[in-house]
Amino acid sequence: MVFLSLGIIGKMRYDYKQLQRAYEVTEDSLKAQIDGLKDIHQREIAAREEILNEYHDLLKQIENDYAESQDALQELIESRRADYGRQFSEDPASLVDDIQIMYGFDYVP
Amino acid sequence: MFLSLLLLLFSSAAADEGKFTFLGEQQCAQFEGVLFDPPALASILARQSTANLACQARIEYELSVEAASYDLEIRELQISFDALSEESTLMITQKDIEIQQLQESLLRQSADNKLWWYVGGVATGVAAVYGAYRLFNE
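Fair warning: this is a prediction, and the values are worked out from it, not measured in the lab. (Residues numbered from 1 in each chain as written. Chains lettered and ligands numbered in written order. Predicted model: local features only at pLDDT ≥ 70, side-chain atom pairs only at ≥ 80, totals over all residues.)

**Student:** I keep staring at the overall build of chain B and nothing clicks. Help me out?
**Tutor:** In terms of helices and strands, chain B carries four helices and one strand. Tracing chain B from N to C terminus, the helices and strands come up as α-β-α-α-α. Counting the 138 residues in chain B, one finds 6% classified as buried. (Helix = DSSP H or I, 4+ residues; strand = E, 2+ residues; numbered from the N terminus. Buried ≥ 20, exposed ≤ 12 C-beta atoms within 10 Å, placed from the backbone.)

Spelled out as structure tokens, the structure:
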């Protein structure tokens with residue numbers, strides 16, 4: 001009876017150990033999943049920050065390019081303003097032509 | 001003031017393509033109109049002659065901003081896709097490992113022999129009763 005009881009207890013303990021091992025396997029798997037997900041999310045956040053910084057740099061570059069083009073345009077306007085000012089006193093006929101071409105107005109002398 | 005003069009000029013131009021003339025000092029004009037002094041006229045002409053360039057620069061600026069914005073959106077979506085793809089691969093891999101280990105664990109479990117447990121229990125009970133009967137009867 002004693003040996004039989006010992007045998008049954010031993011077997012129950014073995015089965016319990018196996019059950020515990022199954023739980024441990026599930027636990028390990030979940031831990032591995034969580035670690036993996038953390039790693040993936042960290043890399044995702046880093047990548048997002050990187051492209052966001054690149055985006056801000058690109059926007060700054062675009063703003064600078066636009067500001068430069070506006071400066072160049074302003075210089076061109078000033079230059080042409082001076083040209084038209086000179087044209088008014090030196091060559092009114094060509095100024096008339098320019099105005100007619102530009103606006104389509106009729107010149108009335 | 002300058003804007004209102006421009007407005008007058010352009011509204012006139014829209015009506016009958018406009019007219020213009022140059023007046024000397026004390027000179028009368030042949031029609032009602034607006035007189036610009038040379039710097040003002042030069043400014044109007046200069047701005048008009050560079051309007052296409054200004055417009056082109058503005059279009060390029062707006063297109064660049066839009067392109068950058070869409071590029072950012074595309075890259076963000078690509079990052080999301082990559083992350084989700086990695087998560088999916090990770091979950092599937094881990095679940096495969098878990099299933100394999102649980103199957104191995106299950107194989108090590110004792111088989112579910114209910115009949116043998118029943119027979120063994122009855123036989124043990126009978127033997128115990130018989131043994132006790134013999135022991136205490138002698």
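**Student:** Looking at this model, I keep getting lost on the packing of helix H1 (residues 2-90) of chain A against helix H2 (residues 92-103) of chain A. Mind explaining?
**Tutor:** To characterise two packed helices, one gives the angle between the axes of the helices and the distance between these axes. Residue and element names in this part refer to chain A. Two elements in contact, H1 and H2, have axes separated by 6 Å at closest approach and are oriented at 125°. Between H1 and H2, the interaxial angle falls into the category oblique. Where H1 abuts H2, its residues Tyr 84, Gln 87 and Phe 88 lie against Pro 92, Ser 94 and Leu 95. Tallied by class, residues from the contact of H1 with H2 come to four nonpolar, two polar and no charged. (Axes fitted to C-alpha atoms, helices over the stretch in contact; angles between N-to-C directions. Parallel < 35°, antiparallel > 145°, perpendicular 65-115°, else oblique. Contact = placed C-beta atoms within 7 Å. Nonpolar A, V, L, I, M, F, W, Y, C, P; charged D, E, K, R; others polar.)

**Student:** I would appreciate a short explanation of the interface of chain B and chain A in the present structure.
**Tutor:** Frequently, the measure chosen for interface size is the accessible area that the parts lose on association. Taken together, the contact pairs 46 residues of chain B with 44 residues of chain A. For the side of chain B that touches chain A, the elements supplying multiple residues, two or more each, are strand E1 (19-20), helix H2 (38-49), helix H3 (51-108) and helix H4 (114-137) of chain B. Taken together, the residues that form the side of chain B that touches chain A break down as 23 nonpolar, 14 polar and nine charged.

**Student:** Can you walk me through the confidence of the model for chain A in this structure?
**Tutor:** Regions with low pLDDT should not have their predicted coordinates read in detail. Summarising the model, chain A shows a mean pLDDT of 91, and 100% of its residues fall at 70 or more. When mean pLDDT is taken per element in chain A, H1(A) scores highest with 92 and strand E1 (residues 106-107) of chain A scores lowest with 88. (pLDDT = per-residue confidence, 0-100.)

**Student:** What should I look at first to understand H3(B) in this one?
**Tutor:** For H3(B), which comprises 58 residues, the first-to-last C-alpha distance of 85 Å matches the rise-based estimate of 86 Å (1.5 Å per residue) to within 8%. The element H3(B) is barely covered by neighbouring structure, given that only one of its 58 residues are classed as buried. (Expected span 1.5 Å × (residues − 1).)

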